[in-house]
Structure formats: structure tokens, C-alpha cells
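Here are the chains, one letter per residue:
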Amino acid sequence: DDNRDMREYLQRLLGGYAEVQVCADGEAAWKAVHASPPDLVLSDVMMPVLDGFGLLARIKNDAHTREVPVILLSARAGEEARIEGIAAGADDYLVKPFAATELMIRVKSQVDAARRRKAARQALLASERYFRSLVDASTAIIWTTGPDGRTNYFSRHWHDFTGLPASAIPEGGHIACIHPEDREAAVAEFVRCQQT
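Everything in this summary refers to the structure shown in the same document. What you see is a predicted model, and the numbers here were worked out from it, not measured in a lab.

Calculation rules
- Residues numbered from 1 in each chain as written.
- Predicted model: local features only at pLDDT ≥ 70, side-chain atom pairs only at ≥ 80, totals over all residues.
- Heavy atoms only, no water.
- Helix = DSSP H or I, 4+ residues; strand = E, 2+ residues; numbered from the N terminus.
- Buried < 20%, exposed > 50% of the residue type's maximum accessible area, 1.4 Å probe, protein only.
- Contact = heavy atoms within 4.5 Å.
- Pairing = 2+ DSSP bridges.
- Axes fitted to C-alpha atoms, helices over the stretch in contact; angles between N-to-C directions.
- Phe/Tyr/Trp six-rings, centres within 6.5 Å; stacked < 30°, edge-to-face > 60°.

### Some details on the overall build of the chain
Stage number 1. Helix and strand counts for the chain stand at seven helices and five strands.
Stage number 2. Each helix and strand of the chain, ordered N terminal to C terminal, gives the series α-α-β-α-β-α-β-α-β-β-α-α.
Stage number 3. Overall size of the chain, expressed as C-alpha extent along the three principal axes, is 75 × 35 × 30 Å.
Stage number 4. Relative to its 196 residues, the chain shows a buried fraction of 32%.
Stage number 5. Within the chain, contacts between residues at least 6 apart in sequence are counted, and of these 42% link residues at least 24 apart.

Below, the structure written as C-alpha cells:
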């Protein structure tokens, strides 16, 4: 926030709950967020150098920071302003003046939700690593496809059997690796299996 009194108020209000870093403009906030992604960004919409929407866009368009929840603060009231903020990618939108308890509840809610999403992502990645290690330990030649039929995974033994490294897999995935004389029947069987 570019308003010093507001920054000091937020520092006092949130300081008991979290480590708070304040910035007077959006560019300084972006540098801080990018250097060390926080658990949450609370940003005024109207700021010098880089406004809240510009900061929001940078955060959400950067792979390093896109999961950081952002709450926008604005003096602009009304449903239209709130919709504009949420449509721009904000996780929440709060109108000034706001009650301290409302802000605390929204901040805690966004931080808790972000932590749950992060834990779920980590569990999914661990499950994926476990699946891949089981598949790669198997002597079977395995590949998987998505619902669209496109190949999205080849086991280590598939690569060993075909002699094709990941960088040399043809556009057609596993289908392109079938001998031309067998391809039509193999595709028909694959489509039948996929449909049933």
C-alpha cells in the first residue's frame, strides 16, 4: 500500500499472526515476492509504479509465484469492482474500510487453503514418483495415454525395447512405433479398448 498509515496498521494487525513485509509500491512488492515467495500477498489496487492489477498479473503469470494467493484491497466498492478483481485472478477482494476481524479471517482462510493445495500437490507428486518407480522396476513394456488417446508416458523398459530415447519419440506416440503392416489392426484394437 502506498499509504503509510495503512501499511503501519496492517503491520500491527497481521504482525501477531505472521511475519509481515510491507512495500510502498507494486514494483518493490514484486521484487520481494519474486525473491522469496510469501504465503500470501495483500495488495492495494491503487499504487504507484506498478498498481495492484499489474502486481497480480506478474504474480499469476510467473511459474515461481503463481500459487501465491493474492487478496486485493480497494476503496472501490460494489459487485462490479469485486468481479473485476476476481476475474483478474485475485483469490479474494476486500473493500476499504474493512473490519479487522474480516481481514484476519480472509487472510487465514487463503493461507490455509494454499497450504492444503500445496500438501495435496506434494502428495500427488509423491504418488506419481511411486507409480513411476514401480513401473520402471517392472520388466513389462508399459505406456499410458490420456483420454484423447495421446501417449503421455513410456516406461524405461519401453525405451530399452524400442531403442528410442524420449527425445526421439515420433509424433504419433506408441502407434507410430508399430510396424506399418500391423498398424491398422493395432489402432483398431486400441480404439476398441479405449472406448470400452
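### Describing the sheet that holds strand S3 (residues 92-95)
Stage number 1. Strands sit in the order S1-S2-S3 across an open sheet of three strands; the sheet is parallel. Strand pairing shows two members of the sheet lacking a second neighbour, strand S1 (41-44) and S3, which therefore form its edges. In this sheet, adjacent strand axes meet at a mean angle of 25° when their direction is disregarded.
Stage number 2. Docked against the sheet, helix H4 (residues 79-87) engages strand S2 (70-74) and S3, running at close to 150° with respect to S3.
Stage number 3. The sheet strands contacting helix H5 (residues 100-137) are S1, S2 and S3, and the helix crosses S3 at an angle near 170°.

### Things to note about the packing of aromatic side chains
Stage number 1. Taken as a whole, this structure holds two aromatic pairs when the rule is applied.
Stage number 2. For the ring pair Phe131 and Tyr153, a centre distance of 6.0 Å and an interplane angle of 55° mean the geometry is tilted. Within this pair, whereas Phe131 is found in helix H5, its partner Tyr153 is found in strand S5 (residues 151-154), the two being separated by 22 residues in sequence.

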